Amino acid sequence: MHAKTPARGTLASFVGAILCSTASAALAQEPLKLPGSQLEPIKWAELAGWPADDHLAAFAAYQASCRALRKNPYPGDDRPIHRALWNVCHRALDLHPQDSHSARAFFEDNFHPVRIAPLGEAAGLLTGYFEPIVQGSRRPNSEFHVPVYRRPPDLVAVGYKPGANAFPNKGARIGRRNEKGQLVPYYDRAAIEAGALDGQNLEICWLKDPSDLLTIQIQGSGRVILEDGTPLRISYDSHNGYSYASSSNRALIKPNRAPRGKTFIQRSRTAPPDETANAHAINRSYVFFRITGLSNDGEAIGAQGVPLTPGRSIAVDRLHDYGTPFFIEANLPIESAKYASAFQRLMIAQDTGSAIVGPARADLYLGAGDDAGHIARRIRHPGRFVMLIPRGLDMIAAGKQMPLPLPKPKFAEVEVRKHNGKGEADWAKSKVDSRAAAAYARGATGARIDPKPPASPSAPRSAAVSKQVKQVEYQSTGITAHWAKSKVDSRAAAAYARGATGARIDSKPPASPSAPRSVAVSKQVKQVEY
């Protein structure tokens, strides 16, 4: 799951499956591509655990998203996936499946599975979140002295009306107007905790501990049980424009006091008050809340505006549309902190967060309370994502609005000679686009190669190459690999060779260094010397 997959292979399979056309046709029409991602259509039978999932539970969460989605007007042409989801939801709202089999049939009839991952990666990242339950009071006193603030009236987000319900989670300038009407940064956490908002009657309630407030701010919602037992449900409303600083966690790592591996909240509860205050000040981000009006029985409300479903709702990057189904495959420590077990489940995108960034990045909603919190805090694991794309989506037309990664350069006219032992590359005559070749080489190997060849083929140009690379001798009619003594991982060497030539090389060396291993390669190759 941690292995890296060359982006070119995934992209090639995707183009072949979707376009079923020639290379020239592929250049004329671009398939659907989300920024920074690689997509690979697969079959339902390739989804491990798909038949065994509770599709009826997933369908219930999906219908909740559909009810919210259909309240909005018909989407324009600039949002093709959103428009396709809107149409599928029209059919979903009229259905009442009675069992998992019929719910599964709905998803298979209306979607097709597409594996999605960051470019060059095989997996994405999963974390967990929950709704904290803490004690609080409507009025301040010696026990409850930490205020929970609603949105201040002077908080400004450029491009948004003051007091608007929708507040940008990221990507907008946020601040306040000074006496001259200039937009300046808003008060940070230290200033707010020092009393910058005092006297404005912005307090929703008061909590016991600053760590309780920070927990709710990180999770985005919370239940405050007041002194008379009444639950007060609050949810994210806005923020002060600063990014969350993970360095505040490191500030509390002290010898013999707070061992590594614990969260910032766990450390702050045991650290001295002055150290906790200093660590909080490092994290300049601050979140403001609103009262949701929910009873104690309902779940937290996500950014889509629907109640979240524990174990079925996820928060995703806003490059995705709310209501998009994702099938997630991972090994997660849900049942036990010591052991990870298979997690294979259909989830629905219904929330977002400022730390949720990337095409294959999800925060799993696990419910409310301490038990859910224990599980959420121990999840930070890789996972494989399969996005369910509506069948009615014109993937070619949609792809024209989304940028593609750099195309793979044509290496068919390049010949590779054996390593010269000096870590230098001699460039011969070639018709290959040098900038594309350099970009592709960087993507495949992580090395930086100067894209311009020297003035003459005999003049070498140095490129940083690991000394651990094994010797590979290339011939015009084939590739004969002589494996020298080296500490390099043979699989990495094979991956490098594949990335440079497009050929497949057996990753295991022969029994002795003198025994050659041949691999067929095109005769069209011209010279590049390593």
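Residues numbered from 1 in each chain as written. Predicted model: local features only at pLDDT ≥ 70, side-chain atom pairs only at ≥ 80, totals over all residues. Heavy atoms only, no water.

Colleague: Tell me about helix H3 (residues 55-69), residues and numbers included.
Modeller: For H3, which comprises 15 residues, the first-to-last C-alpha distance of 20 Å matches the rise-based estimate of 21 Å (1.5 Å per residue) to within 8%. Among the 15 residues in H3, 11 count as buried, and that is most of the element. Three or more residues of H3 are buried, namely His55, Ala58, Phe59, Ala61, Tyr62, Gln63, Ala64, Ser65, Cys66, Ala68 and Leu69. In this structure, the buried side of H3 is in contact with helix H4 (80-92), helix H5 (100-110), strand S2 (111-118), strand S14 (325-332) and strand S15 (341-351). (Helix = DSSP H or I, 4+ residues; strand = E, 2+ residues; numbered from the N terminus. Expected span 1.5 Å × (residues − 1). Buried < 20%, exposed > 50% of the residue type's maximum accessible area, 1.4 Å probe, protein only. Contact = heavy atoms within 4.5 Å.)

Colleague: Account for the pattern of salt bridges, naming residues and giving values.
Modeller: One pass over the structure, following the stated rule, counts nine salt bridges. With a closest N to O distance of 2.9 Å, Arg223 and Glu131 form a salt bridge. Note that Arg223 is positioned in strand S10 (residues 221-225) and Glu131 in strand S3 (residues 124-131), a separation of 92 residues in sequence. Where Arg233 meets Glu131, a salt bridge forms, and the shortest distance between an N and an O atom there is 3.0 Å. Residue Arg233 is located in strand S11 (residues 231-239), and its partner Glu131 is located in strand S3; the two are separated by 102 residues in the primary sequence. Of the residues examined, Glu131 reaches a relative accessible area of 1% and is grouped as buried. Three or more residues joined by partner-sharing salt bridges are found here, namely Glu131, Arg223 and Arg233. (Salt bridge = Lys/Arg side-chain N within 4 Å of Asp/Glu carboxyl O.)

Colleague: Mind laying out the sheet that holds strand S7 (residues 174-177), listing which residues take part and the relevant values?
Modeller: Pairing is antiparallel in the open sheet, where three strands are placed in the order S6-S7-S8. Edge positions in the sheet fall to strand S6 (156-157) and strand S8 (183-184), since each of these pairs with one other strand and no more. With two bridges joining them, S6 and S7 adopt antiparallel strand pairing. The partner of Val156 across the bridge, within S7, is Gly175. (Pairing = 2+ DSSP bridges.)

Colleague: Run through the state of the cysteines, naming residues and quoting values.
Modeller: By the definition in use, this model includes one disulfide. Residue pairing for Cys66: its cysteine sulfur links by disulfide to Cys89, the two sulfurs lying 2.2 Å apart. Its S-S torsion of approximately -70 degrees makes the covalent link between Cys66 and Cys89 left-handed. Taken together, the positions of Cys66 in helix H3 and Cys89 in helix H4 put the pair 23 residues apart, joining distant regions of the chain. (Disulfide = S-S within 2.5 Å.)

Colleague: So what's going on with the packing of H3 against H4? Residues and values would help.
Modeller: Contact geometry of H3 with H4 gives a least axis separation of 9 Å together with a crossing angle of 115 degrees. Regarding the angle of H3 to H4, the classification is roughly perpendicular. Relative to H4, H3 is oriented so that their crossing is left-handed. Between H3 and H4, the contacting residues are Phe59, Tyr62, Gln63, Cys66 and Leu69 on the first element and His82, Leu85, Trp86, Val88, Cys89 and Ala92 on the second. In the contact of H3 with H4, the residues fall into nine nonpolar, two polar and no charged. (Axes fitted to C-alpha atoms, helices over the stretch in contact; angles between N-to-C directions. Parallel < 35°, antiparallel > 145°, perpendicular 65-115°, else oblique. Left-handed = near helix turned anticlockwise from the far one by under 90°. Nonpolar A, V, L, I, M, F, W, Y, C, P; charged D, E, K, R; others polar.)

Colleague: Break down the pairing of strand S13 (residues 313-316) for me, citing the residues and quoting the values.
Modeller: Of the two faces of S13, the one holding Ser313 and Ala315 and the one holding Ile314 and Val316 are both buried throughout. Alignment of S13 against S15, held across three bridges, turns out to be parallel. Bridging from a neighbouring strand, Ala315 pairs with Asp351 of S15. Where S13 and strand S16 (residues 361-368) come together, three bridges link them in antiparallel fashion. Along S16, the bridge assignment pairs Val316 with Ala362.

Colleague: Account for the packing of aromatic side chains, naming residues and giving values.
Modeller: According to the stated counting rule, one finds 17 aromatic pairs in the structure shown. With a centroid separation of 5.2 Å and 85 degrees between ring planes, the pair formed by Phe59 and Phe106 is classed as edge-to-face. Remark: Phe106 occurs in helix H5 and Phe59 occurs in helix H3; sequence separation between them is 47 residues. Looking at Phe59, the relative accessible area reads 3%, which means it is buried. Using a relative accessible area of 5% as the deciding quantity, one classes Phe106 as buried. Each ring, one from Phe106 and one from Phe111, has its centre 6.5 Å from the other, and the planes form 75 degrees; the classification is edge-to-face. Residue Phe111 is classed as buried on the basis of its relative accessible area of 0%. Across from the ring centre of Trp86, 3.6 Å away, lies the NZ or CZ of Arg70, which sits over that ring. (Phe/Tyr/Trp six-rings, centres within 6.5 Å; stacked < 30°, edge-to-face > 60°. Lys NZ or Arg CZ within 6 Å of the ring centre and 35° of its normal.)

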